[in-house]
Amino acid sequence: MLVRQAIIPAADGDAILAGLDHVLGEIESGGFTFKTEHEDIHMNVEARLAQLIGPAAGRLHTARSRNDQVATDFRLWLRDAIDQLDGDLKALQAALLDQAERHVDTVLPGLTHLQPAQPVSFGHHLLAYVEMLGRDRGRFGDARKRLNESPLGAAALAGTPYPIDRDLTARLLGFDRPAANSLDAVSDRDFALEFMAAAAILGVHLSRFAEELVYWVSSEIRFVTLSDAFTTGSSIMPQKRNPDAAELVRGKSGRLIGALTGLLVMLKGLPLTYSKDMQEDNIS
C-alpha cells in the first residue's frame, strides 16, 4: 500500500518485504534473538530488519503506530482463534451426535434437583449439549463479524497525514471494512470482551458436561465407563479410575470466567484513547 500510494520507493518496499520474510523465517525456526534493549516485538523486528536491509528498514513504520498495529494484530489473532474454535466445536458436536445416534434407545433417569424425575433417552440427553454448543458457535460467529474491521490508519489515535489507502489494507488483511473512528479503533476492546464472554459461556457448558461425566462414572452411579485415556489411577489405591480429564475441564472454566472479569474491570476506568493498562488484554 505504501508503495502503491507513492509514499515509499518501490525498491524500499521490495527490500522490506524480502527482509520481513527472512525475519519471519528466523522467528518460526527459533533462530531469532529477542533483545531486551528493544522494548517490544516491533522494535526487535525493525532492528533486525535494519541489519538485513539497511536504512530502508526505517520506512517499515511509515504511517503506522504501535497502537493501531497492536489493535490490528489482536483482531487478526482472535479471528483465527474463532475459526479454529468453530472447527473444534463442530467436531465436538459431531462426536456427541454420533454417541446420541448409538444410544437412542439407551434409557437413563432424567433428573431435576439431582433427583430421578422421568426416564429419558441417553441420546436425547446428549443432544442438549449439541444445542448448547450450537449457540456457542453462534456467539463466536457474531463476535467475529463485529471484530472484522481494520484499525490500520488510525495511527496513535488521530490518523496520519500520509495519503494512505485504508480500504486497500483492510482488503489485503481480509477485513470487511476499515474502522470508522480513529479514536475508537485504537481504544476499542469490545471484540476481546465479546470473545471472552463467549468463551466463558462455552466454559460453563463444558464444565456442566464434565460434571455429569464425573457423576456418571462414580461408583455409586456407574452409568458410563471412561477409557484409560481419560482417567488416572491412584498412587495408593490401584482399583480407582479417577475422571481427571473431566475434572480438569470443569476446573479450567474458572480461568475463562476470571479472564472475562479481569478484562471488564481493567477497561471500565479507561478514558480515550490508549493507556498502558490495555496490555492486560493479552491473557494466555
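A brief look at the structure comes next. Owing to the predicted nature of the structure, the values given are computational and were not obtained by experimental measurement. (Residues numbered from 1 in each chain as written. Predicted model: local features only at pLDDT ≥ 70, side-chain atom pairs only at ≥ 80, totals over all residues. Heavy atoms only, no water.)

1. Regarding the overall build of the protein chain
Working step 1: Helix and strand content of the protein chain: 8 helices and 4 strands.
Working step 2: In sequence order, the secondary structure elements of the protein chain are arranged as α-α-α-β-β-α-β-α-β-α-α-α.
Working step 3: Its C-alpha atoms put the protein chain at 75 × 40 × 35 Å along the principal axes.
Working step 4: Residues counted as buried form 37% of the 284 residues belonging to the protein chain.
Working step 5: For the protein chain, restricting intrachain contacts to residue pairs at least 6 apart in sequence, the fraction spanning at least 24 positions comes to 68%. (Helix = DSSP H or I, 4+ residues; strand = E, 2+ residues; numbered from the N terminus. Buried < 20%, exposed > 50% of the residue type's maximum accessible area, 1.4 Å probe, protein only. Contact = heavy atoms within 4.5 Å.)

2. Observations regarding the environment of Phe230
Working step 1: Topologically, Phe230 is positioned in the loop between α7 (190–217) and α8 (244–267).
Working step 2: Between the C-alpha atom of Phe230 and that of Arg241, which follows or precedes it by 11 residues, the distance is 9.2 Å.
Working step 3: Those residues in contact with Phe230 that sit more than four places away from it in its chain are Asn242, Pro243, Asp244 and Ala245.

3. So, the nonpolar core
Working step 1: Judged by nonpolar contacts, the single largest core of 39 residues is most densely connected at Leu78, Leu96, Phe140, Phe195, Phe209, Trp216 and Leu263.
Working step 2: Among the secondary structure elements, those contributing two or more residues to this core are α3 (66–102), α4 (122–147), α7 and α8.
Working step 3: No other element matches α7, which puts 14 residues into this core.
Working step 4: Counting 8 residues, the second-largest nonpolar core is a separate cluster that includes Leu2, Ile8, Ile16 and Ala63. (Core = buried A, V, L, I, M, F, W, Y, C linked by side-chain atoms within 4.5 Å.)

4. Remarks on α3
Working step 1: The end-to-end C-alpha distance of α3, which contains 37 residues, comes to 54 Å, matching closely the 54 Å that a straight helix rising 1.5 Å per residue would cover.
Working step 2: At the N-terminal end of α3, a side-chain oxygen is found 3.0 Å from the backbone nitrogen of Asn67, two or three residues along, and the residue is Ser65. (Expected span 1.5 Å × (residues − 1). Polar contact = N/O pair within 3.5 Å; in protein donor to acceptor, adjacent residues only side chain to side chain.)

5. As for the packing of α3 against α7
Working step 1: Following both chains from N to C, one finds α3 and α7 inclined at 25 degrees, their axes separated by 11 Å at the closest point. By the angle between their axes, α3 is roughly parallel relative to α7. In terms of crossing hand, the pair formed by α3 and α7 is left-handed. Between α3 and α7, the contacting residues are Ala71, Phe74, Arg75, Leu78, Ala81, Ile82, Leu85, Leu89, Leu92 and Leu96 on the first element and Phe191, Ala192, Phe195, Leu202, Leu206 and Phe209 on the second. (Axes fitted to C-alpha atoms, helices over the stretch in contact; angles between N-to-C directions. Parallel < 35°, antiparallel > 145°, perpendicular 65-115°, else oblique. Left-handed = near helix turned anticlockwise from the far one by under 90°.)

6. Here's the deal with the pairing of strand β2 (residues 115–121)
Working step 1: Pairing of strand β1 (residues 107–112) with β2 involves 6 bridges; the strand directions are antiparallel. Paired with Thr112 across the strands is Gln115, a residue of β2.
Working step 2: In this structure, the hairpin formed by β1 and β2 is closed by a connection of 2 residues, where His113 is found at a positive phi of approximately 55 degrees. (Pairing = 2+ DSSP bridges.)

7. A few points about the packing of aromatic side chains
Working step 1: A full pass over the atoms with the stated rule returns 6 aromatic pairs.
Working step 2: Aromatic side chains Phe122 and Trp216 sit 5.4 Å apart centroid to centroid with 75 degrees between the ring planes, which places their arrangement in the edge-to-face category. Pair noted here: Phe122 is in helix α4 and Trp216 is in helix α7, with a separation of 94 residues, a long-range link. For the pair Phe122 and Trp216, a shared accessibility class is recorded, and that class is buried.
Working step 3: What links up through ring pairs into an aromatic cluster is the set Phe122, Tyr129, Phe209 and Trp216.
Working step 4: One cation-aromatic arrangement involves Arg79 over Phe175; the distance from NZ or CZ to the ring centre is 5.0 Å. (Phe/Tyr/Trp six-rings, centres within 6.5 Å; stacked < 30°, edge-to-face > 60°. Lys NZ or Arg CZ within 6 Å of the ring centre and 35° of its normal.)

8. With respect to the pattern of salt bridges
Working step 1: Within this structure, the stated rule accounts for 14 salt bridges.
Working step 2: Between Asp83 and Arg144 there is a salt bridge, with its nearest N and O atoms 2.8 Å apart. Within this pair, whereas Asp83 is found in helix α3, its partner Arg144 is found in helix α4, the two being separated by 61 residues in sequence.
Working step 3: Connected through shared salt-bridge partners, Glu39, Asp40 and Arg66 make up one network. (Salt bridge = Lys/Arg side-chain N within 4 Å of Asp/Glu carboxyl O.)

9. With respect to a nonpolar patch on the surface
Working step 1: There is a patch of nonpolar side chains on the surface, built from Ile27, Phe34 and Ile41 and spanning about 260 Å² of accessible area.
Working step 2: When you line up the elements, Phe34 lands in the loop between α1 (10–29) and α2 (41–53). (Patch = residues over 30% accessible without salt bridge, like charges linked within 9 Å, V, L, I, M, F, W, Y side chains within 5 Å. Areas by Shrake-Rupley, 256 points an atom, 1.4 Å probe, with all protein chains shown as cover.)

Spatial relationships are all this shows, so hold off on functional conclusions.
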